[in-house]
Amino acid sequence: QVQLVESGGKLVQAGGSLRLSCAASGRTFSNYAMGWFRQALGKEREFVAGLSWSGDITDYSDSVKGRFTISRDNAKNTVYLQMNSLTPEDTAVYYCAGDRGGLTIATVTWRYDYWGQGTQVTVSS
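Calculation rules
- Residues numbered from 1 in each chain as written.
- Predicted model: local features only at pLDDT ≥ 70, side-chain atom pairs only at ≥ 80, totals over all residues.
- Heavy atoms only, no water.
- Helix = DSSP H or I, 4+ residues; strand = E, 2+ residues; numbered from the N terminus.
- Rg over C-alpha atoms; globule rule 2.2 N^0.38 Å.
- Buried < 20%, exposed > 50% of the residue type's maximum accessible area, 1.4 Å probe, protein only.
- Disulfide = S-S within 2.5 Å.
- Phe/Tyr/Trp six-rings, centres within 6.5 Å; stacked < 30°, edge-to-face > 60°.
- Polar contact = N/O pair within 3.5 Å; in protein donor to acceptor, adjacent residues only side chain to side chain.
- Contact = heavy atoms within 4.5 Å.

1. Topic: the overall build of the protein
Helix and strand content of the protein: 0 helices and 11 strands. Going from N to C terminus, the protein has its helices and strands arranged as β-β-β-β-β-β-β-β-β-β-β. For 125 residues, the compact-globule estimate of 2.2 N^0.38 gives 14 Å, and the C-alpha radius of gyration of the protein, at 13 Å, lies within 12% of that figure. Here the protein holds 125 residues, and 44% of them are scored as buried.

So, in structure tokens, the structure goes:
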């Protein structure tokens, strides 16, 4: 069993930066592929970024590629999402997710076994 707790979301101006963190409990965290998803009001949850268990393979949605960076520190059981050049379209609740399969990076929600409670990111224009 893995528990995920996100933090770092807040109100920021357009053009600004934020770093989200996802702290995981459980000894097998390092075996999981990890992902960040987001859900804007009235919209479906969408894939943002993913990272292999080893940390050497990443994937990003087209909307964030070049602006966001996902990383992990297995020694700290933590996954990060560095978000730069934020726009109002990035406003959403951001969720961290863990995939026990771990061999590839999944971009669909049903592939992930564990979810955090989410953290709100609001970007003002």
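2. Here's the deal with the state of the cysteines
Under the definition given, this model contains 1 disulfide. One disulfide bridge connects Cys-22 with Cys-96, the sulfur atoms lying 2.1 Å from each other. Since a negative S-S torsion denotes a left-handed disulfide, the Cys-22-Cys-96 link at about -75° is left-handed. Remark: Cys-96 occurs in strand S9 (residues 92-99) and Cys-22 occurs in strand S3 (residues 18-25); sequence separation between them is 74 residues. Given the relative accessible area of 0%, Cys-22 is considered buried.

3. Considering the packing of aromatic side chains
Counted under the stated rule, the structure contains 5 aromatic pairs. Seen from their ring centres, Phe-37 and Tyr-112 are 5.2 Å apart, and the 80° between their planes marks the pair as edge-to-face. Note that Phe-37 is positioned in strand S4 (residues 33-39) and Tyr-112 in the loop between S9 and strand S10 (114-115), a separation of 75 residues in sequence. Residue Phe-37 is classed as buried on the basis of its relative accessible area of 1%. You can call Tyr-112 buried: its relative accessible area is 5%. Linked through ring pairs, Phe-37, Phe-47, Tyr-112 and Trp-115 together constitute an aromatic cluster.

4. Digging into the side chain of Ser-52
Inspection of the secondary structure puts Ser-52 in the loop between strand S5 (46-51) and strand S6 (58-60). Residue Ser-52 is classed as buried on the basis of its relative accessible area of 4%. Side chain to side chain, Ser-52 and Asp-56 meet in a polar contact 3.2 Å long. Setting aside residues up to four positions removed in sequence, Ser-52 forms contacts with Tyr-32, Ala-33, Ile-57, Arg-72 and Ile-105.

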